[in-house]
Amino acid sequence: MQSLIRRTLMSRMLLVWSLVLAATFVYTRPAMAEYGDVVINNYSDAAGMRPVVFAHWFHRVRFTCKVCHADLGFKFKAGGNQINMLKIIDGKYCGACHNGSIAWSVSNCNLCHSGKPGTPTQVHESTLQELATPAKATVTK
Amino acid sequence: MNYLPKLMQFALLSVLLNAPAAIAAQPAKESAGKAAPVVSAASASQAQPAAAIPQAIPFNRLMRVAPRRHLPPPEDGLRDPASAETAFLQPPLEVFPALPQTQSGLGNGVNWVAALNDGKITPRWDRLDPTAEAMVMDMSIVRVPKSTMPDVVFPHKQHTQWLDCSNCHPDIFVPQQGANQISMAAIILGQKCGVCHGKVAFPVSECRRCHSQPKVEAQPKQVDAKGGAKP
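Residues numbered from 1 in each chain as written. Chains lettered and ligands numbered in written order. Predicted model: local features only at pLDDT ≥ 70, side-chain atom pairs only at ≥ 80, totals over all residues. Heavy atoms only, no water.

Student: Quick question: what am I supposed to make of the sheet that holds strand β1 (residues 37-40) of chain A here?
Tutor: Strand pairs in the sheet, formed through backbone hydrogen bonds, run parallel or antiparallel to each other. All names here are of chain A. Spatially, 3 strands are ordered β2-β1-β3 in an open sheet, and the strand pairing comes out antiparallel. Because the sheet does not close on itself, it has two edges, and the strands there are β2 (52-55) and β3 (122-123). As paired elements, β1 and β2 share 4 bridges and run antiparallel to each other. If you follow Asp37 over to β2, its bridge partner there is Ala55. (Pairing = 2+ DSSP bridges. Helix = DSSP H or I, 4+ residues; strand = E, 2+ residues; numbered from the N terminus.)

Pasting the structure below:
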């Protein structure tokens, strides 16, 4: 009995390990965008638009975190706000500023929809991402 | 069935600890695929006789060579250079050199706290009112980790310059001393401090910015052992 449990445990462990190793080796990510760049792609790809890339560095020189994450209600979760164009046009989320009065208006589609097609929702260069795909940063010289 | 989540956690942490080994896979692949044709073209310009050095002996095998950083949007690998508007986006290096840098260069490489305090940037506290000012609370909290790591100082001041109390309390941290279990494992997995640090705020690899206060206990013990007077 004991050894049976041990054996199943071992094989589970092997499975988990091979999955983890496969993930680290197969999924290489050559992107070297800025720390804190967020890709939002819940709907864009499916709707035939490029994924949205949001740059934290660009916005945080203009606004404190509080403006977006407290006043405008952006949750701390990439892709976790179910943003869509209707909400934006109605002045919510990005639309609270990208309305032609605080910042350029919604009609500049591709300034927001700038990601390479197929890029999944992510926080670029996040610690977790570095763990899952450590091979990314290896550019020689 | 209970042990599965534990196993997953273990596997994740093991990957973290074994990261250098995994990193090695990439240069190996690259040199196998690309180096051969490159050598013939580039060796003439390089001083060393590249053909004589077996490829299996690179000087740094496991160390990660610093990647090119802060690339302009069309080259950053995330944005689509095929879209004309990508070229309109601002390259980070138009801005960063004017801001105070961190020594480590990790994250954005920018010391955002210093940038704010030096007045190099004036991020709005209110979306519409450029004169609105933050409600800053100056209270530091010291946490004593159960290890040799120096104590952690959490300064409310620098956090309240950027954030509202409701960003952290009560969802991420219960506003009560001693009520919050914090571990490095949790932080690396994106909980507690790791909700922001490691994603937008400076990453956890800058250990010393948080572990900034020498352990108080360590000092008197050393003095005692040497038989010296207590300070």
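Don't stop here, the text continues.
Student: Could you clarify how one ought to interpret the environment of Cys165(B) in this entry?
Tutor: Residue placement: Cys165(B) occurs in helix α5 (residues 165-168). Distance from Cys165(B) to Met137(B), taken between C-alpha atoms, is 9.7 Å for residues 28 residues apart in sequence.

Student: Looking at this structure, I do not really get the pattern of salt bridges. What am I missing?
Tutor: Where charged atoms from two side chains of opposite charge come close, those side chains can pair. By the definition in use, this model includes 7 salt bridges over all chains. Among the ionic pairs, Arg50(A) bridges to Asp80(B), the shortest N-O distance being 2.8 Å. Of the two residues, Arg50(A) sits in the loop between β1 and β2 while Asp80(B) sits in the loop between α2 (19-42) and α3 (112-117), which places them in two different chains. Across the pair Lys215(B) and Asp151(B) runs a salt bridge, and its minimum N-O distance is 3.3 Å. A residue pair is termed long-range when its members are at least 10 positions apart, and Lys215(B) in the loop between α7 (207-210) and α8 (218-225) and Asp151(B) in the loop between β1 (140-143) and β2 (152-155) qualify at 64 residues. Of the two residues examined, Lys215(B) and Asp151(B), each falls in the buried class. Through salt bridges with shared partners, one network takes in Asp37(A), Asp76(B) and Arg79(B). (Salt bridge = Lys/Arg side-chain N within 4 Å of Asp/Glu carboxyl O. Buried < 20%, exposed > 50% of the residue type's maximum accessible area, 1.4 Å probe, protein only.)

Student: Teacher, can you tell me more about the domain arrangement of chain B here?
Tutor: Accessible area lost on assembly of the parts is the figure often given for the size of an interface. All names here are of chain B. Domain parsing of chain B yields domain 1 (66-98) and domain 2 (107-216). When each unit is reduced to the centre of its C-alpha atoms, the spacing between domain 1 and domain 2 is 28 Å. Taken together, the contact pairs 4 residues of domain 1 with 5 residues of domain 2. Between domain 1 and domain 2 lies a buried interface of about 310 Å² when both sides are counted; carbon and sulfur atoms form 54% of it. Three residues, Arg69, Phe96 and Ala98, lead the burial of domain 1 against domain 2; their summed loss comes to 84% of the area buried on that side. (Domains from an automatic or database assignment. Contact = heavy atoms within 4.5 Å. Buried area = accessible area lost by both parts, 1.4 Å probe.)

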